[in-house]
Amino acid sequence: MPDRHRLVLHTLATSHPMGLQVYDDQVAAGLPAELGDPWEVRRRVGRTLRSPLAGDVRVPGAVLSGDRPWLRAAYGRATAPRADLVHRMDLGCPPTGGPEVLTLHDVVAWRFPDEGMPPRSVHREVRAAAAVICPSQHTAEDVARLFGIEPVVIPNGVGQEFFSAAPLDPDERAALGVQGPFVLHAQGATLRKNLHGLAAAWSVVTAKRPDVRLVMTGPPHSRRTGLFGDQPSVRMLGRVEEGLVPRLMASAEAVVVPSLYEGFGFPALEAMAAGTPVVAASRSSLPEVCADAAVLCEPDGRSLAEALLAVLDDRPVELVRRGARRAAEYTWARSVRAHARLYTSLVGSA
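Residues numbered from 1 in each chain as written. Predicted model: local features only at pLDDT ≥ 70, side-chain atom pairs only at ≥ 80, totals over all residues. Heavy atoms only, no water.

1. Quick notes on the UniProt feature "domain: Glycosyltransferase subfamily 4-like N-terminal" (unreviewed entry) in the protein chain
Phase 1 of the analysis: With numbering aligned to this structure, UniProt lists the feature "domain: Glycosyltransferase subfamily 4-like N-terminal" (unreviewed entry) at residues 68-158.
Phase 2 of the analysis: Between the end C-alpha atoms of residues 68-158 the distance is 38 Å, and the span holds 31% helix and 15% strand. (UniProt positions renumbered as here; feature names shortened; annotations may be inferred. Helix = DSSP H or I, 4+ residues; strand = E, 2+ residues; numbered from the N terminus.)

2. Quick word on the environment of Ala29
Phase 1 of the analysis: One can find Ala29 in helix 1 (residues 19-35).
Phase 2 of the analysis: Classification of Ala29 as exposed rests on a relative accessible area of 62%.
Phase 3 of the analysis: Sequence separation between Ala29 and Trp332 is 303 residues, and the spatial gap between their C-alpha atoms is 9.9 Å. (Buried < 20%, exposed > 50% of the residue type's maximum accessible area, 1.4 Å probe, protein only.)

3. Regarding the nonpolar core
Phase 1 of the analysis: Membership of the largest hydrophobic core comes to 58 residues, with the highest contact counts inside it found for Leu31, Leu184, Met249 and Tyr343.
Phase 2 of the analysis: Here the element with the most residues in this core is helix 15 (residues 332-349); it accounts for eight residues.
Phase 3 of the analysis: Those residues in contact with Leu184 that sit more than four places away from it in its chain are Val215, Thr217, Leu248, Met249, Ala252, Ala254, Val255 and Val256.
Phase 4 of the analysis: Counting 24 residues, the second-largest nonpolar core is a separate cluster that includes Ala199, Val279, Leu304 and Leu308. (Core = buried A, V, L, I, M, F, W, Y, C linked by side-chain atoms within 4.5 Å. Contact = heavy atoms within 4.5 Å.)

4. Side note on unusual backbone geometry
Phase 1 of the analysis: Going from Asp37 to Pro38, the amide bond is cis rather than trans, its omega being 10°.
Phase 2 of the analysis: For Pro38, the position within the fold is in the loop between helix 1 and strand 2 (39-47).
Phase 3 of the analysis: One non-glycine residue with positive phi stands out, namely Ser284, at about 50°.
Phase 4 of the analysis: Positionally, Ser284 belongs in the loop between strand 12 (278-281) and helix 12 (286-290).
Phase 5 of the analysis: Non-glycine residue Ala291 carries a positive phi angle of around 55°.
Phase 6 of the analysis: Looking at the secondary structure, you find Ala291 in the loop between helix 12 and strand 13 (295-297).
Phase 7 of the analysis: The exposure class assigned to Ala291 is partly exposed, which follows from its relative accessible area of 30%.

5. Here's the deal with the packing of helix 8 (residues 195-208) against helix 13 (residues 301-313)
Phase 1 of the analysis: In contact at an axis separation of 8 Å, helix 8 and helix 13 are set at 45° when each is read in the N-to-C sense. Between helix 8 and helix 13, the angle is such that the two are oblique. With respect to the hand of their crossing, helix 8 and helix 13 are arranged in right-handed fashion. When helix 8 is examined against helix 13, the residues Gly197, Leu198, Ala200, Ala201, Val204, Val205 and Lys208 are found in contact with a partner set consisting of Gly301, Leu304, Ala305, Leu308, Leu309 and Leu312.
Phase 2 of the analysis: In the contact of helix 8 with helix 13, the residues fall into ten nonpolar, two polar and one charged. (Axes fitted to C-alpha atoms, helices over the stretch in contact; angles between N-to-C directions. Parallel < 35°, antiparallel > 145°, perpendicular 65-115°, else oblique. Left-handed = near helix turned anticlockwise from the far one by under 90°. Nonpolar A, V, L, I, M, F, W, Y, C, P; charged D, E, K, R; others polar.)

6. A look at the pattern of salt bridges
Phase 1 of the analysis: Taken as a whole, this structure holds 21 salt bridges when the rule is applied.
Phase 2 of the analysis: Between Glu125 and Arg72 there is a salt bridge, with its nearest N and O atoms 2.7 Å apart. You can see Glu125 sitting in helix 4 (residues 122-128) and its partner Arg72 sitting in helix 3 (residues 69-78), a full 53 residues away along the chain.
Phase 3 of the analysis: With relative accessibility at 0%, the residue Arg72 sits in the buried group.
Phase 4 of the analysis: Across the pair Glu318 and Arg321 runs a salt bridge whose closest N-O atoms are separated by 3.4 Å. Here Arg321 and Glu318 lie together in helix 14 (residues 317-328), a separation of three residues that amounts to about one turn. (Salt bridge = Lys/Arg side-chain N within 4 Å of Asp/Glu carboxyl O.)

7. Looking at the environment of Ala305
Phase 1 of the analysis: Take Ala305: it is sitting in helix 13.
Phase 2 of the analysis: Classification of Ala305 as buried rests on a relative accessible area of 1%.
Phase 3 of the analysis: Counting along the chain gives 245 residues from Ala305 to Pro60, while the straight-line C-alpha distance between them is 47 Å.

8. Let's talk about the sheet that holds strand 9 (residues 213-217)
Phase 1 of the analysis: Spatially, 10-9-8-11-12-13 is the arrangement adopted by the six strands of the open sheet, whose pairing is parallel. For this open sheet the edge positions go to strand 10 (234-238) and strand 13, each flanked by a neighbour on one side alone. Ignoring strand direction, the axes of neighbouring strands in this sheet form an average angle of 20°.
Phase 2 of the analysis: Of the strand pairs in this sheet, strand 8 (residues 182-186) and strand 9 are connected by five bridges, and their pairing is parallel. The partner of His185 across the bridge, within strand 9, is Met216.
Phase 3 of the analysis: Lying over the sheet, helix 8 contacts strand 8, strand 9, strand 10 and strand 11 (254-257), oriented at roughly 160° with respect to strand 9.
Phase 4 of the analysis: Against the sheet, helix 13 engages strand 8, strand 11, strand 12 and strand 13, with an angle of about 165° to strand 13. (Pairing = 2+ DSSP bridges.)

9. A closer look at the packing of aromatic side chains
For any pair of aromatic rings, the description rests on two quantities: the centre-to-centre distance and the angle between the ring planes.
Phase 1 of the analysis: Evaluated as defined, the whole model comprises five aromatic pairs.
Phase 2 of the analysis: Ring centres of Phe264 and Phe266 lie 5.3 Å apart, and the angle between their planes is 65°; on these two criteria the pair is classed as edge-to-face. Residue Phe264 shares its accessibility class with Phe266, and that shared class is buried.
Phase 3 of the analysis: An aromatic cluster is present here, built from Tyr23, Phe264, Phe266, Tyr330 and Trp332 joined pairwise through their rings. (Phe/Tyr/Trp six-rings, centres within 6.5 Å; stacked < 30°, edge-to-face > 60°.)

Printed below as a string of structure tokens:
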């Protein structure tokens, strides 16, 4: 029997799972069957020294932030797992000093002041990696310009729960306070999410369609509250259960993604899978991912309003069909297969 190859997927624990954690979970779940023997796949979850979250290794905050690169590098080597290849799925994870794959979902930390600072040593770590994965060609080009490397593009997938999502029944809608037709915004509230553009658009939309509500999900944020908190046509649900998002999407008249920058754009594809029209900004990776299956527009208030009103006034059946076909192209099985091929090529070449 050939020697077993050990692959470690290194992530960080979080109390608020988002799209990046979906990626971590889906790839980790599919790899053992895809790689088969002679591979051993193990997850390694880091957490801070006082974190109550589940994890395998404690990591000091100074190591995560990279304020002291020498300490980060030394800690990473000292605690490195025994492996032929380590996939650092979060840049916060310290480098191990051995063969590594990194995933860079976007470059927002270098473009927007409220997206957090990457470790100071990230340029050296990225250039030292055996391979860097990006979820879209647009992100790969940004990474290439920033770091001078050539990333591997492996798109994300869409969960099957979105394709099979059933709309909310009347009692469920009443319990949520979501009555009548509504547009859904299921994203965060950082600057790149362009809530100012959406707020400007919504004042136009609600003036012409007072029967339509804007439903917003996401953890409480002062920007969202300041822009929409006093509007009677807006319902803010806060953070909702993971299983509720597909059904909200399936119930909406449209899903709006007004972002100025997305490394991939999960909500757009998820809404297409749920059979709901998408209005998205024609920026960053969104045109690449959506293609002709969404209404793409400029991210300013007037353009977003015109696009939303067009969808609300004439629900585009053909657009919904194209959306379902487009979403079906993005499967986690395909993404996992591409990851497995990359790992195999790297271990084989070594």
